[in-house]
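The chain contents come next:
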Amino acid sequence: MQLRQVQLGPGTLGARQCVVHGSISLPVQVQRHAFHRSAAANIRSGSSSSFCSSRTLLVSAQRDIRCAAAAAPPSDARAAGEEVLSALRRIIDPDFGEDIVSCGFVKDLSIDQASGAVGFTLELTTPACPVKDQFKREATQYVQELPWVSSVEVKLTSQPAKPITADNGRPGGLKDVRHIIAVSSCKGGVGKSTTAVNLAYTLAQMGAKVGIFDADVYGPSLPTMVSPELRILRMNPETRAITPTEYEGVQLVSFGFAGQGSAIMRGAMVSGLIQQMLTTSEWGELDYLVVDFPPGTGDIQLTLCQTVAFSAAVVVTTPQKLAFVDVAKGVRMFAKLAVPVVSVVENMSYFDGDDGKRYRPFGEGSGARVQEDFGIPNLVQFPIVPNLSAAGDNGLPLVVSEPAGAVAAAFMELGATVVREVAKLSVASKHGMTWDEQQQLLRVVLPGTSTGSAPSAPFYLQPAVVRRHDTSARSINEWTGETLGAGDVSDDIKPISVSPVGNYAVQIQWEDGFNQIASFDLLRSLMPMSVKVPVLEVAGVKVTVPAMD
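Residues numbered from 1 in each chain as written. Predicted model: local features only at pLDDT ≥ 70, side-chain atom pairs only at ≥ 80, totals over all residues. Heavy atoms only, no water.

Labelled according to an unreviewed UniProt entry, the protein chain appears under the name MIP18 family-like domain-containing protein, originating from Tetradesmus obliquus. We quote the UniProt Sequence similarities (unreviewed entry) comment for the protein chain here in full: "Belongs to the Mrp/NBP35 ATP-binding proteins family." (UniProt positions renumbered as here; feature names shortened; annotations may be inferred.)

Q: I'd like a rundown of the nonpolar core, residues and numbers included.
A: Counting 88 residues, the largest nonpolar core has Phe213, Leu289, Phe310 and Phe334 as the members making the most contacts within it. The dominant element in this core, judged by the number of residues it contributes, is helix 13 (residues 406–425), at nine residues. When neighbours within four sequence positions are excluded, Leu289 is seen to be in contact with Leu174, Val177, His179, Ile180, Ile181, Gly211, Ile212, Phe213, Leu278 and Trp283. (Core = buried A, V, L, I, M, F, W, Y, C linked by side-chain atoms within 4.5 Å. Buried < 20%, exposed > 50% of the residue type's maximum accessible area, 1.4 Å probe, protein only. Helix = DSSP H or I, 4+ residues; strand = E, 2+ residues; numbered from the N terminus. Contact = heavy atoms within 4.5 Å.)

Q: Can you explain the sheet that holds strand 20 (residues 432–436)? Please cite residues and give values.
A: If you walk across this open sheet you meet the three strands as 20-21-22, and the pairing is antiparallel. Each of the sheet's edge strands pairs with one partner strand only, and the pair in question is strand 20 and strand 22 (459–461). Each strand of the sheet is rotated relative to its neighbour by a mean of 35°, with strand direction disregarded. Sheet topology places strand 20 next to strand 21 (residues 441–445); five bridges connect them, and they run antiparallel. Bridging from a neighbouring strand, Met433 pairs with Val444 of strand 21. (Pairing = 2+ DSSP bridges. Axes fitted to C-alpha atoms, helices over the stretch in contact; angles between N-to-C directions.)

Q: Pulling in residues and values, what's your account of the packing of aromatic side chains?
A: As enumerated under the stated definition, the model contains five aromatic pairs in all. For the ring pair Phe293 and Phe310, a centre distance of 5.5 Å and an interplane angle of 75° mean the geometry is edge-to-face. One end of the pair, Phe293, is in the loop between strand 14 (286–292) and helix 8 (299–307); the other, Phe310, is in the loop between helix 8 and strand 15 (312–317), with 17 residues separating them in the sequence. Note on accessibility: Phe293 and Phe310 belong to one class, buried. The side chain of Arg90 reaches across the aromatic face of Tyr142, ending 3.8 Å from its centre. The lysine or arginine in question, Arg358, covers the ring of Tyr350, its NZ or CZ lying 3.8 Å from the ring centre. (Phe/Tyr/Trp six-rings, centres within 6.5 Å; stacked < 30°, edge-to-face > 60°. Lys NZ or Arg CZ within 6 Å of the ring centre and 35° of its normal.)

Q: Now, about the side chain of Asp292: what can you tell me, with residues and values included?
A: Tracing the backbone shows Asp292 in strand 14. In terms of polar contacts, Asp292 uses its side chain to reach the side chain of Lys192, at 2.7 Å. For Asp292, the side chain forms a polar contact with the side chain of Ser193, separated by 2.7 Å. Leave out the neighbours within four places in its chain, and Asp292 touches Val183, Lys192, Ser193, Ala196, Phe213, Asp214, Ala215 and Asp216. (Polar contact = N/O pair within 3.5 Å; in protein donor to acceptor, adjacent residues only side chain to side chain.)

Q: Give a description of the pattern of salt bridges that names residues and reports values.
A: Throughout the structure, instances matching the rule amount to nine salt bridges. Lys175 is paired through a salt bridge with Asp176; the nearest N and O atoms lie 3.3 Å apart. Assessed through its relative accessible area of 55%, Lys175 is described here as exposed. Overall, Asp176 belongs to the partly exposed group, its relative accessible area being 37%. Where Arg468 meets Asp491, a salt bridge forms, and the shortest distance between an N and an O atom there is 2.5 Å. A residue pair is termed long-range when its members are at least 10 positions apart, and Arg468 in helix 14 (residues 463–468) and Asp491 in the loop between helix 14 and strand 23 (495–501) qualify at 23 residues. (Salt bridge = Lys/Arg side-chain N within 4 Å of Asp/Glu carboxyl O.)

Q: Give me the lowdown on the packing of helix 5 (residues 192–205) against helix 13, citing residues and values where you can.
A: Running from N to C, helix 5 and helix 13 point in directions that differ by 75°, and their axes come no closer than 9 Å. Looking at the two axes, helix 5 sits roughly perpendicular to helix 13. Across the interface between the two elements, Thr194, Thr195, Asn198, Leu199, Thr202, Leu203 and Gln205 of helix 5 pack against Phe411, Met412, Leu414, Gly415, Val418 and Val419 of helix 13. Residue composition of the contact of helix 5 with helix 13, by class: seven nonpolar, six polar and no charged. (Parallel < 35°, antiparallel > 145°, perpendicular 65-115°, else oblique. Nonpolar A, V, L, I, M, F, W, Y, C, P; charged D, E, K, R; others polar.)

Q: Help me get a handle on the packing of helix 3 (residues 77–88) against helix 4 (residues 132–144), residues and values and all.
A: Angle between the axes and distance between the axes are the two parameters that describe a pair of packed helices. Here helix 3 crosses helix 4 at 135°, and the two axes come no closer than 9 Å. Considering their axes alone, helix 3 and helix 4 lie oblique with respect to each other. Remark: the crossing between helix 3 and helix 4 carries right-handed chirality. Residues Val84, Ala87 and Leu88 of helix 3 form the contact with helix 4, whose participating residues are Ala139, Tyr142 and Val143. A per-class count over the contact of helix 3 with helix 4 returns six nonpolar, no polar and no charged. (Left-handed = near helix turned anticlockwise from the far one by under 90°.)

Q: Explain the sheet that holds strand 25 (residues 515–519) residue by residue, including any values.
A: Read from one edge of the open sheet, three strands run 23-24-25, paired in antiparallel fashion. Of all strands in the sheet, those with a lone pairing partner are strand 23 and strand 25, marking the two edges. For this sheet the average axis-to-axis angle between neighbouring strands, irrespective of direction, equals 20°. When strand 23 meets strand 24 (residues 505–510), the two strands line up antiparallel, connected through six bridges. Counted as the bridge partner of Ser497 is Gln509 from strand 24.

Q: So what's going on with the environment of Val342? Residues and values would help.
A: Its location among the elements puts Val342 in strand 16 (residues 341–346). Taking the relative accessible area as the measure of exposure, Val342 reaches 2% and is therefore buried.

Q: Tell me about unusual backbone geometry, residues and numbers included.
A: You will see that Arg240, though not glycine, has its phi angle at about 60°, which is positive. Among the structural elements, Arg240 can be located in the loop between strand 10 (234–235) and strand 11 (242–243). The class for Arg240 is exposed, based on a relative accessible area of 54%.

Q: So what's going on with the pairing of strand 15? Which residues, and what values?
A: Most of strand 15 sits inside the fold, with six of its six residues counted as buried. By the alternation rule, side chains of strand 15 split into Ala312, Val314 and Val316 and Ala313, Val315 and Thr317, which are all buried. Sheet analysis places strand 8 (residues 177–184) next to strand 15, joined by four bridges and oriented parallel. Bridge pairing in strand 15 links Ser184 to Val315. For strand 15 and strand 16, the ladder comprises five bridges, and the chain directions are parallel. Residue pairing for strand 16: Thr317 is matched across the bridge by Glu346.

Q: Pulling in residues and values, what's your account of a nonpolar patch on the surface?
A: Together, Phe351, Tyr359, Phe362 and Ile384 make up an exposed nonpolar region whose accessible area comes to about 320 Å². With respect to the helices and strands, Tyr359 occurs in strand 18 (residues 358–359). (Patch = residues over 30% accessible without salt bridge, like charges linked within 9 Å, V, L, I, M, F, W, Y side chains within 5 Å. Areas by Shrake-Rupley, 256 points an atom, 1.4 Å probe, with all protein chains shown as cover.)

So, in structure tokens, the structure goes:
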């Protein structure tokens, strides 16, 4: 056993002052110190004899020697580093399902073997990570449990995951924006702008650099909902770039700050104006840019999604069944434009009466129906709160004026949802569906059913089976639940294209023109209908993929 400098008691002991006791090689002064300490302890305890037996003292000293050896760090620096990393592997990222070491979060590990001091950096994918404090707390605790560690210093920083493609597809002033989040309702009057503004300020409170772009030129809401000191946009005369205004640390751009009021112009002109304002603004380095979409699924929405690469979308709805139809159109629009919807916000869902009962004046079920039919991973319900709209009318978002209130807590849940899902989307998904031309079947691989669990084994489905189990409004009567047109689907129907929709669904374009969004939950329910497929032949023997139970 190689010896180093070991700090013990009053002095530091060298490797030359050592004897061998059993299998433990320790400095002589360590043994003397342990022996004298044991003797002193016996004298202080009021032993009946001032001189304890030499064997008793020896046993006590040996015990202290073993403790000193256990507290010493490994002789090899690499071994000490492995012990620290092994402790950190106990921390599992709830989104990626892997430990933080495998995720590559642990950086700049340093170990002072003489003092037992350990330091490292946790480099997360976003400064708004909702579990960053938990990571730091657990990392400190688990490393501190190592017997030779005297102190632990953990630094938190963030670096976005490298994009799947080298270019993020964002022109002009958007090149340094990490993530762009669309907030859309596809229907007016459901609280979309209120959601967008409060979401943006929630992300800022979580530690991110945030901006808001108000894309509604016909009726801009942002100038009413926030109160910046400078209420007009400035333009650089040389570069013609727009300088955003700012309020409470969040950058703001809206046509309402252009000094023109609301626009009165044709759709083509509006689309060009929005595109120019969005891409020529000097946003700088932002973690999240929240874009408040105008209502509907028309030219403006298409122009926005085709101009820049959106990371994700949040769809806002209300509980009425009538709202479902418009929201479903919006979800399909985003799917066609390769923008994954990461959460549904059901606004005005309920209110709690003075009698302690919860009332739902607008009914219930629209948000849950959207989530279920399209496989959207999250649903956040907001109550009817008079203060929420009043705060917007007064130019002070409620999450800013009442950061500890119940509404702020609900928005914190929404913000954490957006951060988690966007982080997962930054990594290429290993799950989904592909078309096997040779077998004329759809090959499916689904994620595990719980955090950290392995993905499903590949299984194969007949195309007609998937098509006939579509749950959209075109296949299911929204009022009666009756299946529409399933018998009209040909047994030999084929897909033209299959593409992922986030980490929760796939989009299938069928040869008859039908566009289907099949959620992973739907595909999982079809596992019992999977078919056996010969995958290879070895020495004349076919090996098959068995049907799933």
